[in-house]
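Coordinate analysis (summary)
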2 protein chains.
Amino acid sequence: MTENTLTEFDATDFRIMNALVEDGRMSDVMLGERVHLSATAAARRRKLLEEQGAIKGYTAELDLPMLGLGIVVIVAIELRSQADSVLTEFEEAVVRCPSVTFCSFVSGDTDFLMMVHVKSFEDYDRIYRSELATLPHVAKIRSSFVMRRVTQRNVPPAVFARGR
Amino acid sequence: MTENTLTEFDATDFRIMNALVEDGRMSDVMLGERVHLSATAAARRRKLLEEQGAIKGYTAELDLPMLGLGIVVIVAIELRSQADSVLTEFEEAVVRCPSVTFCSFVSGDTDFLMMVHVKSFEDYDRIYRSELATLPHVAKIRSSFVMRRVTQRNVPPAVFARGR
DNA sequence: GATGAAAGCAGTGCCTC
DNA sequence: GAGGCACTGCTTTCATC
């Protein structure tokens, strides 16, 4: 229930997390079979992981290209200043952009990195004008189009090496 | 079952997808209430969306910081050449890196953009040496550390505007 | 898209190790 | 402290309309 108990997870916990990352709707019966536990024991551990916050929730994975959003653009944005109020105003505007799925303030060459999903290049042009170019305090926008996706995972495989 | 039927989705389909993105383990009964359908009707539509591939699957969302992976690094990699064999060898090596959750071949300033999850800066140094620096044909690596996450969504909100 | 019966599953308390 | 079993009540599934 609390959070900063520096919880210790054992191999079974990692196996449960692994199974549920692969199939979030797996029944407790199947989960139990998969991790060699009774369904009740598996369910109890699953709930504990949920309560502890290690499992934050479950989500359906949608096929965005099939929904007409086949193009992914990674956008680097530099602001005119890095004053606190400037950052805050920019961030508040970003969360309201309906095409943005990811935005982080980063160190390095640029200030923010974002990921944008669009239907077509024409659509990106439209969104560039209507969403990105209207964000406040922007000095420079650089767009990189995703040509081919090499890897896309929810969780780094390193986590699952611990399930043994 | 097939895929290129250019499937048409109605507002109820989008409402179902929205509900399941928010809670992938939602029962069909709850789903039916949420979209104003009987549980059976909701279940039938859910299954159809799964079979059509619009819903690719379900996954548990893990709290990576709680599992000791609190630092996210976005890595831009330039290769020495863009010959087909060079790209292929690089990509085959990347998918075997256990700390990489995202890698795409992109247009623009760099060749590949990747996302790496690590425990600490020391850990990044170790992974930089053991995973990234050993990737073949790399000319230049630029690392940006995520200082603050502004937005992180599975699906752009624009998709859900269609659920009405 | 709704209904109702049958099967399967999740949730609880209790017992064992 | 953690796993297993049995019971009860939902939930899902499938036939039928």
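Conventions we followed
- Residues numbered from 1 in each chain as written.
- Chains lettered and ligands numbered in written order.
- Predicted model: local features only at pLDDT ≥ 70, side-chain atom pairs only at ≥ 80, totals over all residues.
- Heavy atoms only, no water.
- Near = heavy atom within 4 Å.
- Polar contact = N/O pair within 3.5 Å; in protein donor to acceptor, adjacent residues only side chain to side chain.
- Helix = DSSP H or I, 4+ residues; strand = E, 2+ residues; numbered from the N terminus.
- Nonpolar A, V, L, I, M, F, W, Y, C, P; charged D, E, K, R; others polar.
- Buried < 20%, exposed > 50% of the residue type's maximum accessible area, 1.4 Å probe, protein only.
- Arc of directions from axis to C-beta.
- Pairing = 2+ DSSP bridges.
- Phe/Tyr/Trp six-rings, centres within 6.5 Å; stacked < 30°, edge-to-face > 60°.
- Lys NZ or Arg CZ within 6 Å of the ring centre and 35° of its normal.
- UniProt positions renumbered as here; feature names shortened; annotations may be inferred.

1. Section: the protein's contact with DNA strand C
- In the vicinity of DNA strand C, the residues found are A:Ser27, A:Asp28, A:Val29, A:Thr40, A:Arg46, A:Lys47, B:Ser38, B:Thr40, B:Ala41, B:Arg44 and B:Arg45.
- Restricting attention to atoms of DNA strand C within 4 Å of the protein, one finds that 53% of them are sugar or phosphate atoms.
- Between DNA strand C and A:Val29 there is a distance of 3.4 Å, counted from a phosphate oxygen to a backbone nitrogen or oxygen.
- Listing elements by their share of the surface near DNA strand C, those giving two or more residues are helix H2 (28-35) and helix H3 (39-52) of chain A together with helix H3 (39-52) of chain B.
- Looking at the surface near DNA strand C, its residues break down into 2 nonpolar, 4 polar and 5 charged.

2. Remarks on helix H2 (residues 28-35) of chain B
- If you check which residues of H2(B) are buried, you get B:Leu31, B:Gly32 and B:Val35. The arc enclosing the buried residues of H2(B), seen along the axis, measures out at 100°, which places them on a common side.

3. Here we look at the pairing of strand E5 (residues 138-152) of chain A
- Here 7 bridges tie strand E2 (residues 71-79) of chain A to E5(A), and the two strands are oriented antiparallel to one another. In the sheet register, A:Leu79 faces E5(A), and the bridge partner there is A:Val138.

4. A few points about the packing of aromatic side chains
- Within the structure shown, the criterion is met by 12 aromatic pairs over all chains.
- Between A:Tyr124 and A:Phe145, the ring centres sit 5.3 Å apart and the planes meet at 80°, which makes this aromatic pair edge-to-face. Here the residue A:Tyr124 occupies a position in helix H5 (residues 121-132), and A:Phe145 occupies one in strand E5, the gap between them amounting to 21 residues.
- Take A:Tyr124: its relative accessible area is 6%, and that puts it in the buried class.
- An aromatic cluster is present here, built from A:Phe121, A:Tyr124, A:Tyr128 and A:Phe145 joined pairwise through their rings.
- The aromatic ring of B:Tyr58 is capped on one face by A:Arg25, whose charged end is 5.2 Å from the ring centroid.

5. A word on the UniProt feature "domain: HTH asnC-type" (unreviewed entry) in chain A
- Per the UniProt record, "domain: HTH asnC-type" (unreviewed entry) is annotated on residues 9-70 of chain A.
- Secondary structure content for residues 9-70 of chain A is 55% helix and 13% strand, while the C-alpha to C-alpha distance between its ends is 38 Å.

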